[in-house]
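Residue-level structure breakdown
Residue-level listing of the chains:
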Amino acid sequence: MINLAELEVLNLLHIMQVEQKKGEEGVMASERESFDLSGPLHLTYVLWDNPYHRMSVAACLVQGVYILERDRQEKREGSDALAPPWWKFFHFQLLRPLVDDVDSSIFGAIYEFKPPSSQSNDTLYRSPRYVIAFRGTLTKAHSVSRDVELDIHFIRQGLHQTSRSNIAIQAVRNTVATVGDSNVWLAGHSLGSAMAMLTGKTMAKNGMFIESFLFNPPFVSAPLEKIKDERVKHGIRFAGSVITAGLTLAMKAKQPKDLSLDPFTALSAWVPCLFVNPSDHICSEYMGYFEHRRKMEDIGAGVIERLATQNSLGGLLMSAFGKESEPLHLIPSASLTVNATPASDFKEAHGIHQWWKPDLRLEYKVYNYK
């Protein structure tokens, strides 16, 4: 059974597909896919300690995965392939693509950073050795069926039970085992950011904290950020927190006591970088999620919110029926970057291209709760 929040997210996915098709009618697809026409050509020298530079490079590597799959679908090879400039411009090499075992689509890629020995750059110590990136949903006949299936798995908090997630997690584990977690970045957009979130959380639970760049990460919730009246919005969130906390306590009372470290608390040391746009209702709830936690702490209701932010109503109901769930959007810490630059439409607000544009109005805030 799909709840109202799930229906809202499915509706937004449909809007996203419609908007993408509209964009294809107005602009040649190859224009958006060409680095020379759409990429950040202004980033000729990367300062690896510069947040905008790091964000832009990570976003371009995610775009590289999108175009890898488009090259495969369009049978573009050799000099006709459009994907390589998206990573070669920044001195990365494609180590290997990650391929879905169901539809053979490319959903991810492992890149290795190979800076030229002649390049003098005092910030190279902040660069990654490897980046593992994941694309989001592609509304093309060759891959849309599998992608939408995974979107639904995410909405139903079951992405961790899919074969694609197993491939992703294994690839990250193998890379980290070889070079260590401090030398690896994770990056993803939309569905791909959910995959990166799942992978990052899995590694963090085992004490490995990977630097992560999550663009437009989906948040399964009714879009409360659309509500303009702050009192109404806070009232709805407060009621939801009380109900969720109450159900959590009721569920815990029926379970045997577990003396091991709470996995949610163990996650607090992992601070993924989340990049959201207020006009993108697929991801904008992260703004309210963290701010509500702060407000609840301020009014002395932190205990209620600590319980509420560790669980989702959907996950609690699934647990009551003996079903396993993994609400990926529930995390205790994040470095949140909000793109306050006005977006012309939903397609632009949810798109990956926004994150390497120059002259962005960006707002930064770090949240860390236990």
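Residues numbered from 1 in each chain as written. Predicted model: local features only at pLDDT ≥ 70, side-chain atom pairs only at ≥ 80, totals over all residues. Heavy atoms only, no water.

With an unreviewed UniProt entry as reference, the protein chain is termed GDSL esterase/lipase At4g10955-like isoform X1, source organism Cicer arietinum.

Some words on the environment of Tyr130
Following the sequence through the fold, Tyr130 ends up in strand S3 (residues 130-134). Note on Tyr130: relative accessible area 11%, which makes it buried. Residues Tyr130 and Tyr111, 19 residues apart in the sequence, show an inter-C-alpha distance of 5.4 Å. Look past the residues within four positions of Tyr130 in its chain and what remains in contact with it is Leu95, Ile110, Tyr111, Glu112, Thr175, Val179, Asn183, Val184 and Trp185. A distance of 3.4 Å separates the side chain of Tyr130 from the side chain of Glu112, its partner in a polar contact. (Helix = DSSP H or I, 4+ residues; strand = E, 2+ residues; numbered from the N terminus. Buried < 20%, exposed > 50% of the residue type's maximum accessible area, 1.4 Å probe, protein only. Contact = heavy atoms within 4.5 Å. Polar contact = N/O pair within 3.5 Å; in protein donor to acceptor, adjacent residues only side chain to side chain.)

What about the nonpolar core?
A general trend in soluble globular proteins is that nonpolar side chains are found buried together. Ile132, Phe134, Leu159, Met197, Leu274, Tyr286 and Phe290 are the most contacted members of the largest nonpolar core, which has 46 residues in total. Per-element accounting of this core gives the leading share, eight residues, to helix H8 (residues 191-204). In contact with Tyr286, not counting residues within four places along its chain, are Met197, Pro217, Pro218, Phe219, Leu274, Val276, Leu328, His329, Ile331 and Leu336. (Core = buried A, V, L, I, M, F, W, Y, C linked by side-chain atoms within 4.5 Å.)

Describing the packing of aromatic side chains
Summed over all chains, the structure comprises 22 aromatic pairs. For the ring pair Phe35 and Trp86, a centre distance of 5.0 Å and an interplane angle of 85° mean the geometry is edge-to-face. With Phe35 in helix H3 (residues 35-38) and Trp86 in helix H5 (residues 85-88), this residue pair connects regions lying 51 residues apart in the sequence. The buried category is assigned to Phe35, whose relative accessible area is 3%. (Phe/Tyr/Trp six-rings, centres within 6.5 Å; stacked < 30°, edge-to-face > 60°.)

Some points on the side chain of Thr162
Among the secondary structure elements, Thr162 is positioned in the loop between helix H6 (144-155) and helix H7 (163-179). Not counting the four nearest positions on each side in its chain, Thr162 is found in contact with Leu150 and His153.

Comments concerning H7
The terminal C-alpha atoms of H7 lie 25 Å apart, and with 17 residues this matches the ideal 24 Å at 1.5 Å per residue to within 8%. Taken together, the buried positions of H7 are occupied by Arg164, Ser165, Ala168, Ile169, Ala171, Val172, Thr175, Val176 and Val179. In a view along the axis of H7, the buried residues occupy a sector of 160°, so they form one face of it. Projecting away from the buried face of H7 at angles above 90 degrees are the exposed residues Ala177 and Thr178. Considering only its buried residues, H7 is in contact with strand S1 (92-99), strand S2 (106-113), S3, H6, strand S4 (184-189) and H8. With its phi angle positive at about 90°, Gly180 sits one or two positions after the end of H7. (Expected span 1.5 Å × (residues − 1). Arc of directions from axis to C-beta.)

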